[in-house]
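# Descriptive analysis of the structure
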Amino acid sequence: IQTKMGLPPLEYSDCFLDSPSFREIISLYEQELELNTRVVKNLVKECNNMIQKTEEFSRVQQEFARGLSQFRFQTIGTEKTEDEVLIADSLQSFARLFLSIEDYRQNMLMAIKVRLLKTLENFRKEHMKKAIEEKRKFDDASKKYYTFLNSYLTTKAPKKRDTTAVVSNTEKDQFEREKAQFRQISFDYVCRLQDVHAQSTMNL
């Protein structure tokens, strides 16, 4: 599942700058993730519904085929007429045909479960769900970091009549830790978005 125009590259180095353009590109990847998540979720739902309905229909077909194969004329006398023999043979042939169709249908359903449904569910759980979790971490980290940055800059800025700003080494160390932690979370999030985009291109 891809957007028609494609997406601009998401560079790891942009994590360090966290520029407005970087946030705009992040937003485009998030929109693709949201769209694809809805599409995959709907496909899984429709696929499960189709499998359920097909299995119900298959059971009815098999029951009908068994009914055909078990049909017997109550003949008058000891010999069946030519028409009775012809009808009985036809019913047996139809019964075998229906059962062979149902065998093929069961194989098809198994292939859909293994190759399509399982692939979609694994992709949603292993890639999309984890990307959404990374987004929450990134949003929380962004809010925490910029709240701390604002406080840090306010403390660092000289007040009226002050000639120098006083910032303790502890505050500086804490700022560096907050910045490093935010950049790591940002980097992890970019990796996850790139992974989901690449996997969508290859597998969906």
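A word on the packing of aromatic side chains. All chains considered together, the criterion is met by 10 aromatic pairs. Ring centres of Y145 and Y146 lie 5.0 Å apart, and the angle between their planes is 70 degrees; on these two criteria the pair is classed as edge-to-face. Aromatic side chains Y152 and F175 sit 4.4 Å apart centroid to centroid with 5 degrees between the ring planes, which places their arrangement in the stacked category. Highlighted residues: Y152 in helix α3 (residues 82-156) and F175 in helix α4 (residues 169-203), separated in sequence by 23 residues. We note that Y152, like F175, is buried. In this structure an aromatic cluster arises from ring pairing among F138, Y145, Y146, F148, Y152, F175, F182 and Y189.

Right, let's get into a nonpolar patch on the surface. On the surface, L35, V39 and L43 cluster together into a nonpolar patch covering about 210 Å² of accessible area. With respect to the secondary-structure elements, L35 resides in helix α2 (residues 20-70). With relative accessibility at 39%, the residue L35 sits in the partly exposed group.

To continue, consider the side chain of T37. Tracing the backbone shows T37 in helix α2. Excluding anything up to four places from it in sequence, T37 contacts M128 and I132.

All right, on to the nonpolar core then. Core analysis: the biggest nonpolar cluster contains 32 residues, and L10, I26 and L193 have the highest contact counts within it. For this core, the secondary-structure elements that each account for two or more residues are α2, α3 and α4.

Its location among the elements puts E32 in helix α2. Buried E32, no salt bridge; nearest opposite-charge side chain is R38, N-O distance 12 Å. Separated by 3.0 Å, the side chains of E32 and H197 make a polar contact.

Cut-offs used in this document
Residues numbered from 1 in each chain as written. Predicted model: local features only at pLDDT ≥ 70, side-chain atom pairs only at ≥ 80, totals over all residues. Heavy atoms only, no water. Phe/Tyr/Trp six-rings, centres within 6.5 Å; stacked < 30°, edge-to-face > 60°. Helix = DSSP H or I, 4+ residues; strand = E, 2+ residues; numbered from the N terminus. Buried < 20%, exposed > 50% of the residue type's maximum accessible area, 1.4 Å probe, protein only. Patch = residues over 30% accessible without salt bridge, like charges linked within 9 Å, V, L, I, M, F, W, Y side chains within 5 Å. Areas by Shrake-Rupley, 256 points an atom, 1.4 Å probe, with all protein chains shown as cover. Salt bridge = Lys/Arg side-chain N within 4 Å of Asp/Glu carboxyl O. Contact = heavy atoms within 4.5 Å. Core = buried A, V, L, I, M, F, W, Y, C linked by side-chain atoms within 4.5 Å. Lys, Arg positive; Asp, Glu negative; His and termini not counted. Polar contact = N/O pair within 3.5 Å; in protein donor to acceptor, adjacent residues only side chain to side chain.

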